[in-house]
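# Structure assessment
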Amino acid sequence: MPSYEFTCRECAAPYEVRLSMSAYSAGEGIQCPTCGSANVERRFTAVSVLTGSRSGSGSGRSGCGGSSGFT
Ligand SMILES: [Zn+2]
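Residues numbered from 1 in each chain as written. Predicted model: local features only at pLDDT ≥ 70, side-chain atom pairs only at ≥ 80, totals over all residues. Heavy atoms only, no water.

### Points about the packing of aromatic side chains
- Counted under the stated rule, the structure contains three aromatic pairs.
- With a centroid separation of 4.3 Å and an interplanar angle of 5 degrees, the aromatic rings of Tyr 4 and Tyr 24 are classed as stacked. Of this pair, Tyr 4 sits in strand S1 (residues 3-8) while Tyr 24 sits in helix H1 (residues 21-25), and the two are 20 residues apart along the sequence.
- For Tyr 4, a relative accessible area of 7% gives the class buried.
- Residue classification places Tyr 24 among the partly exposed residues on the basis of a relative accessible area of 29%.
- Pairing Phe 6 with Tyr 24 gives two aromatic rings, centres 6.3 Å apart and planes at 35 degrees, and the pair type is tilted. (Phe/Tyr/Trp six-rings, centres within 6.5 Å; stacked < 30°, edge-to-face > 60°. Helix = DSSP H or I, 4+ residues; strand = E, 2+ residues; numbered from the N terminus. Buried < 20%, exposed > 50% of the residue type's maximum accessible area, 1.4 Å probe, protein only.)

And the structure:
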């Protein structure tokens, strides 16, 4: 069962819920556990950001191609 991350627009509380895709599409369980509001925003993981920035590399610093910063 996939987990979805949300941020509440009412109280700005981030939370994560596990939902089946049918429940998610039906809008079940997306209410904020803190204030109960359904006015929430879906948060996306950084995976799509990493894949998107990779195609644009080339004008960065001279390195090993992005492996710098880990050492
Ligand atoms: Zn809330």
